[in-house]
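# Descriptive analysis of the structure
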Amino acid sequence: MPYDENLLERSRAQWQFGDWQSLTKLDRDTLQHHPDRAKLALLCAAGHQAQGNVAEARQHTRLAIDWGCSKKLISQVLISGVYNTLGCAAAINGQENRAIRHFQAAMHTGAAGSDMQLLTQARVGHQLTQLGLANNATFSRAALTDLPASNTLQLPSLSKGFEEMAEALAKQKAHLDAQLKKQADELIRVRQFLDSSLKKEVSNAARQIEAAVGLQGYFATGELPNINTERHTWPISPDFAIYLIQLLETNDYDVIIEFGSGLSTVIVAKTLAKMTERRQPKPPVALLSFDHLERYYQQTLAQLTQAGLANAVQLELAPLQPYTAPNGNTYPYYTCQAALAALADKHPPKGLRVLVLVDGPPAATGPHARYPAAPTVLAAFIGAQIDFLLDDYIRDDEKEIAALWQAELTASQIKHTTTEIKLAKDACLIRTQAFQN
C-alpha cells in the first residue's frame, strides 16, 4: 500500500513545536498501513492528550502498544505531555520561570539528545500563541535565551507541578465564586426592589379601585362604604370575602366565632341579616367577634353602628393574655374563654354547626400566634360540628398551625377534612365532624 514517506518526520516536527491540532488529524486508516504506524499513533495520542481528548488519547496509546511501540518511548512522550500541560497552566497564571522550566522539561523528556534550547524556544513560542499570550511581555526573551544546558537541567517534580496547578485552579475558582456571589447578591437586591415597587403599585391600584366602588355605592345607597383606606392595616381580600359569603350561604351555621374583628365582621353581619328570613323559624345566627386592640374594636363598632348592625354582633374587646394550650406551650391570646363558655351554654351541642373565622392575632404577636383558636373552641363546644377557616394560609406560620391542628384532631380521633383554597392570600378550611369528649 502506498504511504507518505515524510509523514513521521513531519509529525515529529509538529510534536516538537506543539502543533497538537495537526497531530489529532492523523486517522487510523492513514496510520495502519504506514511502516512507522506505532510511533505515529503515539504522536497522535500526544496531540489528543494536549487537547484534553482523554478517550482518543487512550485509544491511540493502545494502538501504539498493539503495533509494537516500546513502553519506554510511550512513557517519555506521555510524561512530556504532562509537563507541557503544567507549563501552559503556569503561563496562564503569569509564572514565567516556572512555565519555561516545565516546557524545557517536556522537551528534555520527549526529545532527549536534540538541541534543547532551540526546541524549547520553539515550543514556548507556539504554546504562547495557542494560549493567546504571544505578545505577553511577561515572557522575556532573556529568560528564553538563558536556558540551562540539558545536562544540568533538574526536572521539576510532577507531583509538585500538579499541586501548584491545583492551587492556582483553587484560587481561580475562589475568585470566580466571589464574582458569582456578588452578581447573585446584586440580582437579589434588584429583584427585591422590583417586588417591593410592584407590590406598592398593585396595592395602591387596589385601594383606588375599592375607593371608587365605595363612592359609587355611597351615592347610590347613602351607606358609607365598608372599605379600609389606611395603608398599614390588614383587611381581608375581596376574594376571601366572597368565599366567606359562599360558606355562609351554603352551610346552615348556628354560631359564628371570629378571632380578629374588622371588615370581615361587617361582611358576615350583613350576610347573616340577608339570610334571616330564609332561616325562619330557626333563631338568628349568633355572631361573636374578638379584638384585642381598643382602636380596632372601636373602628369595627363604628362600622357596625353605621350599618345598623351593632346589635347583631357580640363584639368583645379581649386583650391578649398568656394562654397555656393542651400541648403545654403558652401563647399570648384573646381573653375569650368566659365569652365562649357563655355562648356555648345558650346553644346545645347536639346538631350545632359552628364556623370559626381565624384572622388574628397578627403574626407579629409571636410564632403560631393563631394556634389557640382550635383548642379553645373545641373545649367550649364539645360535640358540635366545627369548621375552622384560617386566613393568610400563604404564610408558613399558618401552614404549620394547620398541620398542628390536624395532628391533634387525629390524635383525639376526631374525623376531619382539610381543603386548601387558592386566593390572594390563600385560606384553609378544616371541617370536623361532631364528637363527644
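Let me begin by describing the structure that accompanies this report. (Residues numbered from 1 in each chain as written. Predicted model: local features only at pLDDT ≥ 70, side-chain atom pairs only at ≥ 80, totals over all residues. Heavy atoms only, no water.)

Following the criterion strictly, the structure yields eight aromatic pairs and no others. Between Phe259 and Phe290 the ring centres are 5.5 Å apart and the planes differ by 15 degrees, which places this aromatic pair in the stacked class. Of this pair, Phe259 sits in strand 1 (residues 255-259) while Phe290 sits in strand 2 (residues 286-291), and the two are 31 residues apart along the sequence. Judged by relative accessible area, Phe290 falls into the buried class, the value being 0%. Where Tyr331 meets Tyr371, the ring centres are 5.2 Å apart and the plane angle is 40 degrees; that geometry is what we call tilted. Within this pair, whereas Tyr331 is found in strand 5 (residues 330-334), its partner Tyr371 is found in the loop between strand 6 (353-358) and helix 15 (373-380), the two being separated by 40 residues in sequence. (Phe/Tyr/Trp six-rings, centres within 6.5 Å; stacked < 30°, edge-to-face > 60°. Helix = DSSP H or I, 4+ residues; strand = E, 2+ residues; numbered from the N terminus. Buried < 20%, exposed > 50% of the residue type's maximum accessible area, 1.4 Å probe, protein only.)

This next bit is on the sheet that holds strand 1. In space, the seven strands of this open sheet follow the order 3-2-1-6-7-9-8, with mixed pairing throughout. Pairing within the sheet leaves two strands with one partner each, and these edge strands are strand 3 (314-317) and strand 8 (416-421). On average, each strand axis in the sheet is tilted by 15 degrees relative to the strand beside it, whichever way the strands run. By the bridge criterion, five bridges tie strand 1 to strand 6 in an arrangement that is parallel. When the sheet's bridge partners are listed, Ile256 is paired in strand 6 with Leu355. Sitting on the sheet, helix 13 (residues 294-306) is in contact with strand 2 and strand 3, with an inclination near 160 degrees to strand 3. (Pairing = 2+ DSSP bridges. Axes fitted to C-alpha atoms, helices over the stretch in contact; angles between N-to-C directions. Contact = heavy atoms within 4.5 Å.)

A cluster of nonpolar residues, Val190, Phe193 and Leu194, forms a patch on the protein surface that exposes about 300 Å² of accessible area. With respect to the helices and strands, the residue Val190 is situated in helix 10 (residues 158-221). On the basis of relative accessible area, Val190 is assigned to the partly exposed category, the value being 37%. (Patch = residues over 30% accessible without salt bridge, like charges linked within 9 Å, V, L, I, M, F, W, Y side chains within 5 Å. Areas by Shrake-Rupley, 256 points an atom, 1.4 Å probe, with all protein chains shown as cover. Salt bridge = Lys/Arg side-chain N within 4 Å of Asp/Glu carboxyl O.)

The interhelical angle for the contact between helix 4 (residues 37-51) and helix 6 (residues 71-92), taken along N-to-C directions, is 20 degrees, at an axis separation of 10 Å. If you check the angle between helix 4 and helix 6, you find them roughly parallel. Crossing angle aside, the handedness with which helix 4 passes helix 6 is right-handed. Contact with helix 4, carried on its side by Lys39, Leu42, Ala46 and Gln49, involves Leu73, Ile74, Val77, Leu78, Gly81 and Val82 of helix 6 and no other residues of that element. (Parallel < 35°, antiparallel > 145°, perpendicular 65-115°, else oblique. Left-handed = near helix turned anticlockwise from the far one by under 90°.)

This part is about the side chain of Ser264. Note on placement: Ser264 falls in helix 12 (residues 263-279). In this structure Ser264 comes out as buried when scored by relative accessible area, which is 3%. Those residues within four positions of Ser264 in sequence are excluded, and the remaining contacts are Ile236, Glu258 and Leu357.

Pairs can form between side chains of opposite charge whenever their charged atoms are close. Applying the stated criterion across every chain, the model contains 14 salt bridges. Its salt-bridge partner being Glu186, residue Arg189 comes within 2.5 Å of it at the nearest N-O pair. Highlighted residues: Arg189 and Glu186, both in helix 10, separated by three residues, approximately one helical turn. Taking the relative accessible area as the measure of exposure, Arg189 reaches 46% and is therefore partly exposed. Judged by its relative accessible area of 40%, Glu186 falls in the partly exposed class. A salt bridge links Lys422 to Asp426, with the nearest nitrogen and oxygen atoms 3.1 Å apart.

This part is about the nonpolar core. For soluble globular proteins, nonpolar side chains are generally found buried alongside one another. Membership of the largest hydrophobic core comes to 39 residues, with the highest contact counts inside it found for Ile257, Phe259, Phe290, Phe381 and Trp405. Leave out the neighbours within four places in its chain, and Trp405 touches Val358, Arg370, Tyr371, Ala373, Ala374, Pro375, Phe388, Leu390 and Ile430. Of all hydrophobic cores here, the second largest spans 28 residues; its members include Leu247, Ile256, Leu287 and Leu304. (Core = buried A, V, L, I, M, F, W, Y, C linked by side-chain atoms within 4.5 Å.)

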